[in-house]
Amino acid sequence: MLTAVPISWFLTLSAVLFALGVAGFVFRRNIITVFMSIELMLNAVNLSFVTFSYHQKQVNGHLYAFFVMVVAAAEAAVGLAIILTIFKNRSTLNIDDVDSMKN
Amino acid sequence: MDVILFLVFAIIAVVCAINVVVQTHPISSAVSLVGVMASLAVLYLLLGAEFLAAAQVIVYAGAIMVLFVFVIMLLNAGAEAKKGRSFTAQLLGLPLLVAFLGLMAYFVQRLFPQSTMVHFGGFRGGGAAEIGHALFTTFLLPFEVTSILILVAILGAIVLARKEMD
Amino acid sequence: MDSFIVISLIKEVVVFGVLLTTLAYLQWVERKVIAHIQVRPGPYRVGPHGLLQPVADIIKLLTKEDLVPPYVNKPLYLLAPFLAMTMALLSISVIPFGPQIQVAGYQTYMQLTDLNIGVLFVLAVSSMGVYGIALAGWSSNNKYALLGGLRSSAQMISYELPMSLAIAAPLLISNTLSLRGLVEKQAGGIWNWNVLHGPFPQIVSFIIFLIAAFAETNRIPFDLPEAENELVAGFHTEYSSMKFASFFMSEYANMITVSCMATLLFLGGWVAPWPAEYGSSYVPAAIFLLAGLVALYHGFHPARRRDGYTLPVFGVLFLIAAAVFLLPMVQSWLIPLFWFCAKTGGILFGFMWIRGTLPRFRYDQLMGFTWKFLFPVAMLNLLVTGFLVALRS
């Protein structure tokens, strides 16, 4: 019976989440869902940063994850503003329909 | 105890992540993504990253995802239409994904032998004091650069979202 | 180890029992306070002096038909009240009510658990509370509910910023994130409380915190998510029976949480306003003595025939409470608890008073107020505080 969790389990979980994020990014057509898949990938990467931080007994990994969060927040603000503009100009959220430089 | 905690929240995270990908309605995806983030916060606590766990819930679940939900509600986005997926994608997508995952898990297991075990309280350097100290000594320059990045992002969002002045 | 689990279970049962009773009676108190502001008696019919009104309300809400409209998004519609309720009740688990006490030989804190990121925990949980309201508004599939949900999510994100900045300033002075540590740093007397203490008294951030708290709990003057005359009932238009009640209870639970947070962050928690050697431990007894005498006087007054039975009974109860506060064996934990409840209750009374006094904001005024005034002031306050704290050390 295991009393503690092997570190590779955390990394495997991170890989699974990242792969699911990639799958969502590739398969989905709704621009908001695609954006959320990117957030899922960033979260998966954060988990492996924190796990490595535990492995090395150093705080640096936490700081990388912290910076990822900050960048994700900035990205969400700009990205959602872009989505709002796209919807205003083309009234669609399907990325396949956004295929021309001008209307 | 640690193993049970890990398994419970890892399973919640994976199920929610699958839900993010397969749900056709964006708001269901958003709620599932909040579930992923909350369970990841618990796993961070298990890894001794208590400040990061709180930041994860406050910043990701409490601010970014609320923005997503807000935009979905504002645009009144409907469910995604099912159409036009190529035959090869339908046939090969899932097996390829599973194969890729299996390969990745195999490499992770090989590269990180079962030497390091995670147990709660094994690493206590993730408190607010340690993070703050590192942030304002070693990582001072990136920190300041990020603040400029956020300023640029705010300006960009305002420019994109403002009404045309004419 | 076993005794720890047993004690924790007992504490949980006590805390949640008291919390849920308080929730029910807080609403009764609010109706009474507003009634008296508007010069009417308020709930009076059910039980002596209307005291059984909450029981009647609960029975009414439980026995009403639990209607799920056919056009809602069912999973999210059912999830939303659950989420709102859970997030509202969760934060009470880190709030300390008093110092370390001894019960039957066991040392324990008057707190469910102390986290060293307690303040962040409360912030995180309260920021998750938005989902209950936003999802309720969206899943109801109703224009008014959707507008209420949209308004509330925008409002709560906006007001969270000045609130966090206002919380950060006293944290700079106290230098800890643990809620118990915060109170221990403010021990001594009123001049050590964060609202008056330190290189820079936190009176500005206290006021900003309270204003933001009104917006976070959707109370008048910021109750636009449920503005009756524009949006029917806002985000909970389509909810009935216990689901409606859980939104109601979560609002009151959030009120209690923010009042506790204001008490802990700014008003010194369970610390008495002045040290015990100058007689602060006699204040609770004196207050209850006074209350008992007033109740007795009014009870035997011939003009108040309807209360000829209730008020004397309560007068005697208050006198007994006054006597209990003088017993030395319970003083060690009863007096801190009294001060904590008195401060929290004072802030809650302020909530009700303002509801009886102020009209509602217009929506653009509401957003302009936080972004153009509250946020810059909170930022300036934080900067000055940080500068002075850095100068002192």
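About the criteria used
- Residues numbered from 1 in each chain as written.
- Chains lettered and ligands numbered in written order.
- Predicted model: local features only at pLDDT ≥ 70, side-chain atom pairs only at ≥ 80, totals over all residues.
- Heavy atoms only, no water.
- Helix = DSSP H or I, 4+ residues; strand = E, 2+ residues; numbered from the N terminus.
- Rg over C-alpha atoms; globule rule 2.2 N^0.38 Å.
- Buried < 20%, exposed > 50% of the residue type's maximum accessible area, 1.4 Å probe, protein only.
- Areas by Shrake-Rupley, 256 points an atom, 1.4 Å probe, with all protein chains shown as cover.
- Contact = heavy atoms within 4.5 Å.
- Buried area = accessible area lost by both parts, 1.4 Å probe.
- Salt bridge = Lys/Arg side-chain N within 4 Å of Asp/Glu carboxyl O.
- Polar contact = N/O pair within 3.5 Å; in protein donor to acceptor, adjacent residues only side chain to side chain.
- Nonpolar A, V, L, I, M, F, W, Y, C, P; charged D, E, K, R; others polar.
- Core = buried A, V, L, I, M, F, W, Y, C linked by side-chain atoms within 4.5 Å.
- Domains from an automatic or database assignment.
- Axes fitted to C-alpha atoms, helices over the stretch in contact; angles between N-to-C directions.
- Parallel < 35°, antiparallel > 145°, perpendicular 65-115°, else oblique.

Participant: How should I be thinking about the overall build of chain A in this particular structure?
Facilitator: Broken down by element type, chain A carries three helices and one strand. Secondary structure elements in chain A, listed N-terminal to C-terminal, are β-α-α-α. In summary, chain A has a C-alpha radius of gyration of 18 Å against a globular reference of 13 Å for 103 residues, an excess of more than 25%. Each principal axis of the C-alpha atoms in chain A carries an extent, and together these give about 60 × 25 × 20 Å. Looking at chain A as a whole, 59% of its 103 residues are labelled buried. If you sum the accessible surface of chain A, you get close to 4,100 Å²; carbon and sulfur atoms cover 66% of it.

Participant: Where do I start with the overall build of chain B in this structure?
Facilitator: When helices and strands are tallied, chain B shows six helices and one strand. Start at the N end of chain B and walk to the C end: the helices and strands fall as α-α-α-α-β-α-α. Of all 166 residues assigned to chain B, the portion counted as buried reaches 40%. Here the contacts in chain B between residues at least 6 apart in sequence split such that 66% fall between residues at least 24 apart.

Participant: I tried to follow the interface of chain C and chain B on my own but got confused; where do I start?
Facilitator: When the parts come together, some accessible area is lost, and that loss is often what is quoted as the size of the interface. Opposite the 22 residues of chain C that make contact, chain B presents 19 residues. In total, about 1,900 Å² of surface goes out of reach between chain C and chain B, with carbon and sulfur atoms giving 81% of it. The largest per-residue losses of area from chain C upon contact with chain B belong to Tyr131(C), Trp138(C) and Leu150(C), which jointly make up 31% of the total buried on that side. Summed over the shared surface of chain C and chain B, the number is zero salt bridges. At the boundary of chain C with chain B, the tally comes to three residue pairs in polar contact (both at pLDDT 80 or more). For the side of chain C that touches chain B, the secondary-structure elements that each account for two or more residues are α3 (74-90), α4 (118-139) and α5 (143-174) of chain C. Looking at the side of chain C that touches chain B element by element, the count peaks at 10 residues for α4(C). Each residue belonging to the side of chain C that touches chain B can be placed in one class, and the counts come to 17 nonpolar, four polar and one charged.

Participant: Can you walk me through the nonpolar core in this structure?
Facilitator: Nonpolar side chains in soluble globular proteins generally cluster together in the buried interior. Among the nonpolar cores identified, the biggest contains 163 residues, and Phe10(A), Ile32(A), Met65(B), Phe68(B), Tyr131(C) and Phe209(C) are the most heavily contacted of them. The element best represented in this core is helix α3 (residues 50-75) of chain B, accounting for 18 residues. Here this core spans two domains, since at least three of its residues come from each of domain 1 (2-126) and domain 2 (127-166) of chain B. Aside from chain neighbours lying at most four places away, what touches Tyr131(C) is Val34(B), Ala61(B), Met65(B), Val66(B), Val69(B), Leu83(C) and Ala136(C). Within the second largest apolar cluster, 11 residues are counted, among which are Val283(C), Phe325(C), Ile335(C) and Phe338(C).

Participant: Mind showing me how you'd approach the interface of chain A and chain B here?
Facilitator: Listed by partner, the interface residues are 68 residues for chain A and 79 residues for chain B. For the pair chain A and chain B, the two sides together bury roughly 6,800 Å², of which 80% comes from carbon and sulfur. In terms of surface lost to chain B, no three residues of chain A exceed Met36(A), Tyr54(A) and Met69(A), which account for 11% of the buried area on that side. Taken together, the connections running from chain A to chain B amount to zero salt bridges. Linking chain A with chain B are four residue pairs in polar contact (both at pLDDT 80 or more).

Participant: What am I meant to see in the packing of helix α2 (residues 31-56) of chain A against helix α3 (residues 60-90) of chain A here?
Facilitator: Packed helices, taken two at a time, are described by the angle between their axes plus the distance between the axes. The interhelical angle for the contact between α2(A) and α3(A), taken along N-to-C directions, is 175°, at an axis separation of 9 Å. With respect to α3(A), the element α2(A) is oriented roughly antiparallel.

Participant: Quick question: what am I supposed to make of the side chain of Ser91(C) here?
Facilitator: Residues and elements named next belong to chain C. Along the chain, the position of serine 91 falls in the loop between α3 and β1 (98-103). Since its relative accessible area comes to 4%, serine 91 is described here as buried. The residues contacting serine 91, other than those within four sequence positions of it, are Phe121, Val122, Val125 and Thr257.

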